[in-house]
Amino acid sequence: MNSQTEQIRTEARRLLESGEVSVVIGYGPGSTPARATPVFVRRAEDVDRLFWSPACAQNLALYVREQAGRGKVAVVAKGCDARSIATLIQEKQIRREDVHIIGVSCSGVVDPGRLAPAGLDEGTLKSLAAENGGLKADCGDGEVPLEREAVLKRACLFCDTPVPPLSDTLIGEAPPLQPAADQTLPEDLDARREFWAEQFSKCVRCYACRQVCPACYCKECFTDRLPVGWVSKRIAGPENWMYHTTRAFHLAGRCVGCGECERVCPAGIPIQTLMRRMASEVDALFGYRAGMDPDAEPVLATYRDDDDGPAE
Amino acid sequence: MAETPEVLEGTETMNGQAAEGTWEPKILGILCNWCSYAGADLAGSARLQHPPNVRIVRVPCSGRVDPQFVLKGFMRGFDGVLVSGCHPGDCHYAKGNYYARRRLTLLTRFLETMGIPRERFQFQWVSASEGARWAESVREMTERIRKLGPFQGVGRPVPLLIPVVARQSEAQAVGVEAR
Ligand code: SF4
Ligand code: SF4
Ligand code: SF4
């Protein structure tokens, strides 16, 4: 058992025994060592269901919002998850006093979908562990180091907030890692349009990207408001384009770059390339990054007299 | 759910109409009721000559302009989109245009991320007394788009699984009409 697992369990036990929270939302082992599953622990004697490993990919802020209004909850949160929680507080979806954040410093989580392309057989995987910012796996013949670039959730490679900016308990220290440089889109605008047209033509509109996103909490998504006619159910180039661009805009200044949308996409669409680009535009224009300060006004819900804009 | 099956389909773009020699820029104009629409009206009543390429949709305030309006315009194949509202400080609702400014400035940059040049999207302030300014901006934008040529559309065709009947009704449902 790694020390993070131990500390998470200790903290969960304390919180449940004292009655401070009614449930601890965390990760439990999944079907293989490369997968974790969200668990809800309600009794102190069950805290051993919780664990920590580089397989803890899900953004649990999703479940925190679903628990809103049912008393105080605790949640295990990586850097990005904590930023999602801050966003939810900013947008008044949850109250700061209703959530206890067990922050875990994170050195990146594995995307199981990338294992096979990296030459790793998930079926024979016996263990997966993080060590000094590196990764090692055991497929039956001893532990071997893994290349982070090849198996991590792509968003993790760009992450510059591995330590939760918001937490009540903090486990672990900042990993000795440097974020990778941003991916570049083609410079030529026509090539860019072509790039997106090709990517979006793969979309089957399963909406997994939306379902998994903690910021996509609208009771009625524009995609479901068919009589209004913003976008039809039809899977077609322009329709898919409309879905993705609108969703990107709805997440402007709200997406924290957790990369869950991209990880769950069955079509392998590089949604992060779109989202990161939007986030960097927001930063460049307004000096704002999503989920860094739970007390900040959401960036598009406010304005400044001297914002950039057309000439008078 | 309300029974309006027509709006489920019919999102074909207008690029088919860009036949050689007959092409004229089609520009979607989204104008705030209190300033720019009145300004455009003034241009008309003052008989100021300007190109007929802008199809105008009137909204109560530039703050009402959901970036989706603009995206939808491009999705439907407009060659350019023009959003026009009251000057900062002149908003009928005090601050709608300040919110619009944030969103639409961001949208300009986002369109470039999607590969749509910023010359195809114009966001401007025109007051009710600025009929000449309106006429000039329409002239200027129409010429600019004419030079850029027809917009090539946003999506690539995906093989259809179901037969689709081309319909106009979806555009009507959101007030975005172009013929
Ligand atoms: S895509 Fe937009 S409308 Fe749909 S759930 Fe996300 S934020 Fe809401
Ligand atoms: S859009 Fe994707 S990366 Fe951004 S918060 Fe949602 S799931 Fe995470
Ligand atoms: S998860 Fe992928 S395929 Fe499914 S709707 Fe999102 S982008 Fe499209």
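Residues numbered from 1 in each chain as written. Chains lettered and ligands numbered in written order. Predicted model: local features only at pLDDT ≥ 70, side-chain atom pairs only at ≥ 80, totals over all residues. Heavy atoms only, no water.

Peer 1: What exactly am I supposed to notice about the state of the cysteines here?
Peer 2: Put plainly, two cysteines are in a disulfide when a covalent bond ties their sulfur atoms together. Applying the stated criterion across every chain yields a total of 1 disulfide over all chains. Disulfide partner of C35(B): C86(B), at an S-S distance of 2.2 Å. In this structure the cystine formed by C35(B) and C86(B) twists about its S-S bond by roughly 100°; its chirality is therefore right-handed. Here the residue C35(B) occupies a position in the loop between β1 (27–32) and α1 (36–45), and C86(B) occupies one in the loop between β3 (80–85) and α3 (96–113), the gap between them amounting to 51 residues. The residues C35(B) and C86(B) share a single accessibility class, namely buried. This cysteine, C56(A), is not joined by any disulfide, and C106(A) carries the nearest cysteine sulfur, 8.8 Å off. (Disulfide = S-S within 2.5 Å. Helix = DSSP H or I, 4+ residues; strand = E, 2+ residues; numbered from the N terminus. Buried < 20%, exposed > 50% of the residue type's maximum accessible area, 1.4 Å probe, protein only.)

Peer 1: It is not clear to me how the interface of chain B and chain A should be interpreted in this structure. Could you clarify?
Peer 2: For interface size, the figure often reported is the accessible area lost on association. Contacts between chain B and chain A engage 51 residues on the former and 55 residues on the latter. Regarding the contact of chain B and chain A, the summed buried area is about 5,000 Å², with carbon and sulfur atoms giving 65% of it. On the chain B side of the contact with chain A, R102(B), L106(B) and R156(B) bury the most area, a combined 17% of that side's loss. Here chain B and chain A share 2 salt bridges between them. Note that D307(A) is salt-bridged to R102(B), the shortest N-O span being 2.7 Å. Remark: the boundary between chain B and chain A carries 12 residue pairs in polar contact (both at pLDDT 80 or more). Take the side of chain B that touches chain A: its biggest share by element is 12 residues, from α3(B). Across the side of chain B that touches chain A, the residue classes tally to 27 nonpolar, 13 polar and 11 charged. (Contact = heavy atoms within 4.5 Å. Buried area = accessible area lost by both parts, 1.4 Å probe. Salt bridge = Lys/Arg side-chain N within 4 Å of Asp/Glu carboxyl O. Polar contact = N/O pair within 3.5 Å; in protein donor to acceptor, adjacent residues only side chain to side chain. Nonpolar A, V, L, I, M, F, W, Y, C, P; charged D, E, K, R; others polar.)

Peer 1: So what exactly am I meant to see when it comes to helix α10 (residues 271–286) of chain A here?
Peer 2: Structurally, the α-helix is built with 3.6 residues per turn, so residues lying three or four positions apart point the same way. Its 16 residues place the ends of α10(A) 23 Å apart at the C-alpha level, agreeing with the 22 Å of an ideal helix rising 1.5 Å per residue. All of the buried residues in α10(A) are I271(A), Q272(A), T273(A), L274(A), M275(A), M278(A), E281(A), V282(A), L285(A) and F286(A). Lining the buried residues of α10(A) we find α5 (154–158), α6 (189–200), α7 (208–211), α8 (237–250) and α9 (260–264) of chain A together with α3 of chain B. Phi for G287(A), located one or two positions after α10(A), is positive at around 60°. (Expected span 1.5 Å × (residues − 1).)

Peer 1: What is the right way to read the side chain of R102(B) from this model?
Peer 2: By the element assignment, R102(B) lies in helix α3. Judged by its relative accessible area of 5%, R102(B) falls in the buried class.

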